[in-house]
Amino acid sequence: FLETAAYFCMKPKMGEKEVSPHSFFSIWHEFSSDFKDFWKKENKLILQERVKEAEEVCRQKKGKSLYNIRPKHDSGIVSKNCS
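Structure report, in brief. The shown structure was predicted, so the numbers you read here are calculated from the model rather than taken from an experiment.

Rules used throughout
Residues numbered from 1 in each chain as written. Predicted model: local features only at pLDDT ≥ 70, side-chain atom pairs only at ≥ 80, totals over all residues. Heavy atoms only, no water. Helix = DSSP H or I, 4+ residues; strand = E, 2+ residues; numbered from the N terminus. Buried < 20%, exposed > 50% of the residue type's maximum accessible area, 1.4 Å probe, protein only. Areas by Shrake-Rupley, 256 points an atom, 1.4 Å probe, with all protein chains shown as cover. Phe/Tyr/Trp six-rings, centres within 6.5 Å; stacked < 30°, edge-to-face > 60°.

1. So, the overall build of the chain
Link 1 in the chain: For the chain, the helix and strand inventory stands at three helices and zero strands.
Link 2 in the chain: Looking at the 83 residues of the chain, the share that counts as buried comes to 5%.
Link 3 in the chain: For the chain, the accessible area works out to roughly 8700 Å², and carbon and sulfur atoms hold 59% of it.

2. Regarding the packing of aromatic side chains
The description of an aromatic ring pair rests on the distance of the ring centres and on the angle between the ring planes.
Link 1 in the chain: Using the criterion set out here, one finds 10 aromatic pairs in the structure.
Link 2 in the chain: Ring centres 5.9 Å apart and planes at 50° place the aromatic pair phenylalanine 8 and tryptophan 28 in the tilted group. With a gap of 20 residues between them, phenylalanine 8 in the loop between α1 (2-7) and α2 (21-63) and tryptophan 28 in helix α2 connect regions that are remote in the sequence.
Link 3 in the chain: Judged by relative accessible area, which is 43%, phenylalanine 8 ranks as partly exposed.
Link 4 in the chain: By relative accessible area, tryptophan 28 is classed as partly exposed at 39%.
Link 5 in the chain: On the basis of an interplanar angle of 85° and a centroid distance of 5.1 Å, the ring pair of phenylalanine 24 and phenylalanine 25 is categorised as edge-to-face.

3. Brief notes about unusual backbone geometry
Link 1 in the chain: Despite not being glycine, cysteine 9 shows a phi value in the positive range, around 60°.
Link 2 in the chain: Relative to the helices and strands, cysteine 9 is located in the loop between α1 and α2.
Link 3 in the chain: A residue is classified by how much of its surface remains accessible, and cysteine 9, at 63% relative accessible area, is exposed.

Any functional reading would require information beyond the geometric quantities listed.
What follows is the structure, encoded as structure tokens:
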């Protein structure tokens, strides 16, 4: 524990000889809970962006028809008889 506290440059509070686990983990708890909250918000934003992209792809695919309509040519029997 003391090596970990030294790695993070924790210094003991006034009147204490060593860093207490309570002081170290209270700071660590605040950091980890803030990180978790930001992580959840960021994941929610990423999910919303992906849903919007998927909806856009669906709209584009629905907009394209599955078959092509060709214009009618006047080359049949009716067009030859009417002229």
